[in-house]
Amino acid sequence: MIMTQVKQCRKCGETKALTDFYKQSTSKDGVHSYCKTCNNAHAKRWHKENREKYLENQRRYDAEIRERDHIADTVNCHNRRAKKLGLPATLTVEQWQNTLYFFEDGACPLTEEAGGHFEHFIPLSWGHSGTVKGNVYPLQGYLNISMGKTNPFKWVKQRSEDEKDSFNVLAQYLAWYSNMSLTEFERYVNWCEQNPRTAEQIAQDNVKYGEDCSSVELYWISAMVSAIKEAGGL
Ligand SMILES: [Zn+2]
């Protein structure tokens, strides 16, 4: 019995009294393999390491939530702006995330720099299009300022050859969403610029053609009317 009154700690190698070990019912001799001192140090380190891991996970999680909230806020804010004007405001967080994903996680399609800002291709101030998929893309802040409310097809003519190439990719992507060729899409954008609408005019059109009538549809109606006129039909 006396022989079992002491035990060698597996950690520090010291032989200590059994009372220097914590009880552990699952072990053969009823005590821990580490002495109390080693056990405490071990527990302390484990706690510290895991607390750091825990805190790091918490930080990452918080950042993700903030990012998601930020994306949702951006989408909601631009939907509200469009809605206020009576324009379609149907962009979902998922659609905006997919758009960001398409442009390599939100990189500006023109400069390829990360962190592009939310931009409407057809400005809401023209009274056309809206906050809808196919009219939104991430644009680098300084280009955003440079472009202002200019027709993007006119704006790009002053830009570098590299930017023109990148612009074509962007325009092609947006044209595809409107079921148009690039040429047709440019014509449509020009038509929107030449036929701006005030909030009152939008409201009138919404009554006449229905709330969900898009500028693309209005453009086709107008193109059809022009074609009929040209043919001498009206
Ligand atoms: Zn020990």
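Residues numbered from 1 in each chain as written. Predicted model: local features only at pLDDT ≥ 70, side-chain atom pairs only at ≥ 80, totals over all residues. Heavy atoms only, no water.

Peer 1: How would you explain the packing of aromatic side chains if you had to name every residue and give the values?
Peer 2: Scanning the entire structure with this criterion turns up 14 aromatic pairs. Look at Tyr 188 and Tyr 219: their rings are 5.6 Å apart centre to centre, the planes differ by 65°, and that puts the pair in the edge-to-face class. Pair noted here: Tyr 188 is in helix H6 (residues 182–194) and Tyr 219 is in helix H8 (residues 215–230), with a separation of 31 residues, a long-range link. According to the relative accessible area criterion, Tyr 188 is buried, its value standing at 2%. Clustering of aromatic rings is evident, with ring pairs tying together Phe 121, Tyr 137, Phe 153, Phe 167, Phe 185, Tyr 188, Trp 191, Tyr 219 and Trp 220. The cationic tip of Lys 7 hangs over the ring face of Phe 21; the distance from NZ or CZ to the ring centre is 5.7 Å. (Phe/Tyr/Trp six-rings, centres within 6.5 Å; stacked < 30°, edge-to-face > 60°. Helix = DSSP H or I, 4+ residues; strand = E, 2+ residues; numbered from the N terminus. Buried < 20%, exposed > 50% of the residue type's maximum accessible area, 1.4 Å probe, protein only. Lys NZ or Arg CZ within 6 Å of the ring centre and 35° of its normal.)

Peer 1: A description of the coordination of the zinc ion should follow, citing residues and the corresponding values.
Peer 2: For the zinc ion, the full set of protein donor atoms is Cys 9 (SG), Cys 12 (SG), Cys 35 (SG) and Cys 38 (SG), at a range of 2.3 Å. Here the zinc ion binds four donor atoms, and the angle range of 101 to 122° at the metal identifies the geometry as tetrahedral. Donor residues for the zinc ion sit on one chain with the sequence pattern C-x2-C-x22-C-x2-C. Here Cys 38 lies in helix H1 (residues 36–85) and Cys 12 lies in the loop between strand E1 (6–8) and strand E2 (15–17), a separation of 26 residues in the sequence. (Donors = N, O, S within 2.8 Å, 3.2 Å for Na, K, Ca; no water. Tetrahedral: all angles 85-135°; square planar, octahedral: opposite > 155°, others 65-115°.)

Peer 1: So, H1: which residues are in play, and what are the values?
Peer 2: The end-to-end C-alpha distance of H1, which contains 50 residues, comes to 72 Å, matching closely the 74 Å that a straight helix rising 1.5 Å per residue would cover. Burial in H1 covers these residues: Cys 38, Asn 39, Ile 71, Ala 72, Thr 74, Val 75, His 78, Asn 79 and Ala 82. Buried residues along H1 sit against strand E3 (21–23), strand E4 (31–35), helix H2 (93–102) and strand E5 (117–120). Just downstream of H1 lies Gly 86, where phi reads positive at about 85°. (Expected span 1.5 Å × (residues − 1). Contact = heavy atoms within 4.5 Å.)

Peer 1: Which residues make up unusual backbone geometry, and what values go with them?
Peer 2: Its identity is not glycine, yet Ser 129 carries a phi of approximately 55°, on the positive side. By secondary structure assignment, the location of Ser 129 is in the loop between E5 and strand E6 (136–139). Located in the positive-phi region is Asn 179, a residue other than glycine, with phi close to 55°. Tracing the chain through its elements places Asn 179 in the loop between helix H5 (161–177) and H6.

Geometric descriptors of this kind do not, in isolation, establish any biological role.
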